[in-house]
Amino acid sequence: MSDSPYGLTDLLRIMERLRDPEHGCPWDVQQTFQSIVPSTLEECYELAAAIEAGDYPHVEDELGDVLFQVVFYARLGQERGFFSFDSVVHGLAEKLLRRHPHVFAGGAIEGIVDANDKLGGGAAEGASVKSASAVKEQWEAIKSRERASRAQSGALDDVPLALPALPRAQKLQKRASRLGFDWPGVNPVLEKVDEELRELREAMAQGDPKATEEELGDLLFTVVNLSRHLKIDAETALRHASGKFERRFRSMEARCARDGEALEALDAAAMELLWEEAKASE
């Protein structure tokens, strides 16, 4: 054991040792970019869950797991000559400096922007930005130029296909909205939800599985649009709803266990009564 805290250099060396073809870990040696993606997604969700629970010792642990994923990818990239951890850090630092001209004058880490300069009215990027909305507007303008430099002229070109469906729908809608393709307010979106629900019922009544799936997708997409107009993150809202369902269902199971009953043996009316009791207890 080390007498002093381990640092980033130690972590990179540990990763190098784990990937050593002769003396490393057989599991780690076998991994590829593709094979560790599921682990990366799982670690990110576990981090989000710890943050939601306010379990900060667990947050610390999960942050370490997420960092390990980054180090693992960097090692794979270095072995294949694609990139290294240092080049990843350099690229990130360069991007942060480029995208925050209102903080880093001249793109220098210690560059200080003149607080008397105001953004707007044709002011150059790098002038003082006083609101989060102005920062977002500037951020998107910079990202748009970056997409153009990569021959990605379309507003949706760099929305990852690998994103989970819910946040991807939200991101697509936000991008389209910036070009003016959007509902003017919440009420028209609510009307659209009603319309999509009617169309879903019609498809179900016709017994058309393909049309039903399509209409259900349209309804879900429109509900995501509604959440965006309400300024509510759809992923967070659904996660909270899932957590609420889980708490209430576990309460039902616990009540059955106390009464010496099996939940699956109850009829619909008895289950509904237990569900209402679980709701009331909250």
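Parameters and conventions
- Residues numbered from 1 in each chain as written.
- Predicted model: local features only at pLDDT ≥ 70, side-chain atom pairs only at ≥ 80, totals over all residues.
- Heavy atoms only, no water.
- Helix = DSSP H or I, 4+ residues; strand = E, 2+ residues; numbered from the N terminus.
- Buried < 20%, exposed > 50% of the residue type's maximum accessible area, 1.4 Å probe, protein only.
- Contact = heavy atoms within 4.5 Å.
- Phe/Tyr/Trp six-rings, centres within 6.5 Å; stacked < 30°, edge-to-face > 60°.
- Expected span 1.5 Å × (residues − 1).
- Patch = residues over 30% accessible without salt bridge, like charges linked within 9 Å, V, L, I, M, F, W, Y side chains within 5 Å.
- Areas by Shrake-Rupley, 256 points an atom, 1.4 Å probe, with all protein chains shown as cover.
- Salt bridge = Lys/Arg side-chain N within 4 Å of Asp/Glu carboxyl O.
- Axes fitted to C-alpha atoms, helices over the stretch in contact; angles between N-to-C directions.
- Parallel < 35°, antiparallel > 145°, perpendicular 65-115°, else oblique.
- Left-handed = near helix turned anticlockwise from the far one by under 90°.
- Nonpolar A, V, L, I, M, F, W, Y, C, P; charged D, E, K, R; others polar.

A.B. asks: Explanation requested: the overall build of the protein chain in the structure shown.
C.D. replies: Counting its regular elements, the protein chain contains 11 helices and zero strands. Burial statistics for the protein chain: of 282 residues in total, 25% are counted as buried. In the protein chain, the share of contacts with a sequence separation of at least 24, taken over all contacts with a separation of at least 6, comes to 48%.

A.B. asks: Would you explain the packing of aromatic side chains in this entry?
C.D. replies: For any pair of aromatic rings, the description rests on two quantities: the centre-to-centre distance and the angle between the ring planes. Per the stated rule, a full pass over the model turns up six aromatic pairs. For the pair Phe 33 and Phe 82, a centre-to-centre distance of 6.3 Å together with 25° between the ring planes defines the contact as stacked. Of this pair, Phe 33 sits in the loop between helix H2 (26–30) and helix H3 (37–53) while Phe 82 sits in the loop between helix H4 (56–79) and helix H5 (85–99), and the two are 49 residues apart along the sequence. Assessed through its relative accessible area of 18%, Phe 33 is described here as buried. Seen from their ring centres, Phe 245 and Trp 275 are 5.6 Å apart, and the 45° between their planes marks the pair as tilted. Taken together, the residues Phe 245 in helix H10 (residues 234–259) and Trp 275 in helix H11 (residues 268–281) connect sequence positions 30 residues apart. The structure contains a cluster of three or more aromatic residues connected by ring pairs, namely Phe 33, Tyr 73, Phe 82 and Phe 83.

A.B. asks: Hey, could you run me through helix H7 (residues 165–178) in this one?
C.D. replies: Owing to its 3.6 residues per turn, the α-helix brings residues three or four apart onto one side. For H7, built from 14 residues, the straight-helix expectation of 20 Å at 1.5 Å per residue is met to within 8% by its first-to-last C-alpha distance of 20 Å. Those residues of H7 lying buried are Ala 169, Gln 170, Gln 173 and Arg 175. A positive phi of about 90° marks Gly 180, the residue just after H7.

A.B. asks: Is there a simple way to think about a nonpolar patch on the surface in this case?
C.D. replies: A grouping of Leu 8, Leu 67 and Val 70 is seen on the molecular surface, where their side chains present a nonpolar patch of about 220 Å² in accessible area. If you trace the backbone, Val 70 turns up in helix H4. On the basis of relative accessibility, which here comes to 36%, the residue Val 70 falls in the partly exposed class.

A.B. asks: Whenever I open this one, the packing of helix H1 (residues 8–18) against H4 confuses me. Can you help?
C.D. replies: Relative placement of two packed helices is described by the angle separating their axes and the distance separating the axes. Close contact between H1 and H4 brings their axes to 10 Å; oriented N to C, the two are set at 60°. By the angle class used here, H1 and H4 are oblique. Pair H1 / H4 crosses with right-handed handedness. Judged by residue contacts, Leu 11, Leu 12, Met 15, Glu 16 and Leu 18 of H1 engage Leu 67, Phe 68, Val 71, Phe 72 and Arg 75 from H4. Taken together, the residues of the contact of H1 with H4 break down into eight nonpolar, no polar and two charged.

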